[in-house]
Amino acid sequence: MKRIDALKVLDEVFGNDPLVITCGATAREMASISRKKTHLPLLDSMGLTTPVGLGVALGHGGRVGVIDGDGSLLMGFSILPTLKAYAPKNLIVVVLDNGQHASADGMFSQANVVDIAGAAKGLGLWVAECDSADAMKAHIEARSSADQVSLIFVKIETGNTPNIPFYLADPAKLGADFKEALAG
Amino acid sequence: MKEANSRLQALVDGLSDWGIEQFVYVPSSHAAPVIRGLEAHGVKSVMANREEEAVGIAGGLALTGKKVAIVMQDNGFGNALTALATFAQSYHIGFPIFANTRGGLGEYNAMIHSISDPSPDLLKRLGIRVENLGISDSVEVWRSSTESVAKLAVIQRRPIVTMFESLHPGMESIK
């Protein structure tokens, strides 16, 4: 599965629920297919996607989604024990794992040599692993009434979708829109 | 000891006056009276493992409309700078950060001043406002400034840092 195909499914399955999206090509590809006030793409804050999602989930009553990457999660790996400690049941973290930093010249990610899903399991987190759009969608729908935070690791193809333009949105407007959407 | 703690209690009271709903902290022996004081007031807390993680969590909470603060040490700003600049500042997310200072009189750590001393200047270079509360400021100033800073951060939609002095609990006798 290509990343952009996974993003199309994630946009559909999370609907108008808050969705925090990691930086680089992931944010650009999502913006190329869907832009919503409930989307909070982090344009240059690698490693911060899941912490922000945790904060949103702790303050928001409904379901909250996070789209992270293996490289970004590894950059802020200390969030995993924090997720376990606070475990908001309304938070679903989807990690799109292509085994590389696709936005950094395709340099390989250490997810190639360590089992990051296994590490999350070892911390006592609820974890699912899959490599298809149908399985990813099924896990998300099943975990929408879960009793603790969910992490879904999804294997995707390497590389980026070609000819996707830079996403030049004003972060201040993205933040204001997201806040307004949550308040509404 | 009593005097220092009355100021830290004033910081807790100032945050209560503001109506703080949640706080995110990184463990610190110096800030422990503030952390425990807020928890004793029934304020929900989240313990973060790193300062940039705290910025992410607090920023997420602030986006939901919660009145949230960070409590940490000033030597953690080296970890937090990128998150503060590219997230909280850039996305216009306002919340107060209260950081105890290290590296000054009474310090027992030989190298912590190397990051603590330049932290205010580093923050100012990012455009982040830095206020100070010292042991020469009155308890009343600590309380009112704390509430004012928290309100201002929300109004300005930016993080604002308050550096507060507190001697290490084990070093109070030198004061």
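Residues numbered from 1 in each chain as written. Chains lettered and ligands numbered in written order. Predicted model: local features only at pLDDT ≥ 70, side-chain atom pairs only at ≥ 80, totals over all residues.

K.L.:
Please clarify how the overall build of chain A should be interpreted in this entry.
P.N.:
Summing up its helical and strand segments, chain A has eight helices and eight strands in all. Radius of gyration (C-alpha) of chain A: 15 Å, near the 16 Å computed for a compact globule of 184 residues. Viewed in the frame of its principal axes, chain A has a C-alpha envelope of about 40 × 40 × 30 Å. For chain A, the proportion of its 184 residues judged to be buried stands at 49%. Once local pairs closer than 6 in sequence are excluded, the contacts in chain A between residues at least 24 apart make up 72%. (Helix = DSSP H or I, 4+ residues; strand = E, 2+ residues; numbered from the N terminus. Rg over C-alpha atoms; globule rule 2.2 N^0.38 Å. Buried ≥ 20, exposed ≤ 12 C-beta atoms within 10 Å, placed from the backbone. Contact = placed C-beta atoms within 7 Å.)

K.L.:
Got a minute to help me understand the confidence of the model for chain B in this structure?
P.N.:
Atomic detail in the predicted coordinates should be set aside for any region of low pLDDT. Across chain B, pLDDT averages 93, with 93% of residues at or above 70. For this predicted complex, the interface confidence comes out at an ipTM of 0.97, alongside a pTM of 0.96. (pLDDT = per-residue confidence, 0-100.)

K.L.:
Is there a simple way to think about the nonpolar core in this case?
P.N.:
Inside soluble globular proteins, nonpolar side chains tend to come together where they are buried. With 103 residues, the main nonpolar core has A:Val94, B:Phe23, B:Val24, B:Ala58, B:Ala69, B:Ile70 and B:Val71 as its most contacted residues. Of the residues forming this core, the biggest block, seven residues, is contributed by helix H3 (residues 51-63) of chain B. (Core = buried A, V, L, I, M, F, W, Y, C linked by C-beta atoms within 7 Å.)

K.L.:
Could you clarify how one ought to interpret the pairing of strand S5 (residues 129-133) of chain B in this entry?
P.N.:
Remark: a regular strand shows side chains that alternate across the two faces of the sheet. Residue and element names in this part refer to chain B. Note: S5 against strand S6 (residues 160-164), five bridges, orientation parallel. Note that in S6 the partner of Arg-129 across the bridge is Ile-160. Regarding topology, helix H7 (residues 139-156) serves as the crossover connection from S5 to the parallel S6, and that connection is right-handed. (Pairing = 2+ DSSP bridges. Right-handed = clockwise from strand over helix to strand, strands pointing away.)

K.L.:
Quick question: what am I supposed to make of the sheet that holds strand S4 (residues 91-97) of chain A here?
P.N.:
Think of a sheet as strands paired side by side through backbone hydrogen bonds, with each pair either parallel or antiparallel. Residues and elements named next belong to chain A. Strand order in the open sheet made by the six strands is S2-S1-S3-S4-S8-S7, with parallel pairing throughout. Strands at the two margins of the open sheet, each flanked by one partner only, are strand S2 (39-41) and strand S7 (126-130). With direction set aside, neighbouring strand axes in the sheet form an average angle of 20 degrees. The pairing of S4 with strand S8 (residues 150-155) spans six bridges and is parallel. Each bridged residue has a counterpart across the sheet, and for Asp-97 the counterpart in S8 is Lys-155. (Axes fitted to C-alpha atoms, helices over the stretch in contact; angles between N-to-C directions.)

K.L.:
Where do I start with the environment of B:Ile128 in this structure?
P.N.:
Residue and element names in this part refer to chain B. Along the chain, Ile-128 turns up in the loop between helix H6 (119-125) and S5. On the neighbour-count criterion, Ile-128 (20 C-beta atoms within 10 Å) is buried. Dropping the residues within four chain positions of it, Ile-128 is found in contact with Leu-84, Gln-89, Leu-123, Pro-159 and Val-161.

K.L.:
What is the right way to read the pairing of strand S1 (residues 22-25) of chain B from this model?
P.N.:
Residues and elements named next belong to chain B. Burial along S1 is two-sided: the residues Gln-22 and Val-24 and Phe-23 and Tyr-25 are all buried. Here S1 pairs with strand S2 (residues 44-47) via four bridges, running parallel. Residue pairing in the sheet places Gln-22 in a bridge with Lys-44 of S2. The β-α-β motif built from S1, the intervening helix H2 (residues 32-40) and the parallel element S2 has right-handed crossover chirality. Of the strand pairs in this sheet, S1 and strand S3 (residues 68-73) are connected by four bridges, and their pairing is parallel. Along S3, the bridge assignment pairs Tyr-25 with Val-71.

K.L.:
Looking at this structure, I do not really get the sheet that holds S1(B). What am I missing?
P.N.:
Residues and elements named next belong to chain B. In spatial order, the strands read S2-S1-S3-S4-S6-S5; together these six strands make up an open sheet with parallel pairing. With partners counted over all chains shown, the strands left at the sheet margins are S2 and S5, one partner each. With strand direction ignored, the average angle separating the axes of adjacent strands in the sheet is 20 degrees.

K.L.:
Help me understand the interface of chain B and chain A, please; the structure alone is not making it clear to me.
P.N.:
Note: interface size is frequently given as the accessible area lost on complex formation between the parts. Every contact between the two is made by 23 residues of chain B and, on the other side, 28 residues of chain A. Elements with a minimum of two residues in the side of chain B that touches chain A: H3 and helix H4 (77-89) of chain B. In terms of residues, the side of chain B that touches chain A owes the most to one element, H3(B), which gives nine residues. Residues that form the side of chain B that touches chain A fall into these classes: ten nonpolar, nine polar and four charged. (Nonpolar A, V, L, I, M, F, W, Y, C, P; charged D, E, K, R; others polar.)

K.L.:
For this particular structure, what's the right way to read H7(B)?
P.N.:
In an α-helix there are 3.6 residues to a turn, and that puts residues three or four apart on one side. All names here are of chain B. When the terminal C-alpha atoms of H7 are compared, their 26 Å separation across 18 residues agrees well with the 26 Å that a helix rising 1.5 Å per residue should span. Of the positions making up H7, those classed as buried are Trp-142, Arg-143, Thr-146, Val-149, Ala-150 and Ala-153. Projection of H7 onto a plane perpendicular to its axis shows the buried side chains occupying an angular sector of 135 degrees, all on one side. When the buried face of H7 is taken as reference, the exposed residues oriented beyond 90 degrees from it are Glu-140, Ile-155 and Gln-156. Just downstream of H7 lies Arg-157, where phi reads positive at about 55 degrees. (Expected span 1.5 Å × (residues − 1). Arc of directions from axis to C-beta.)

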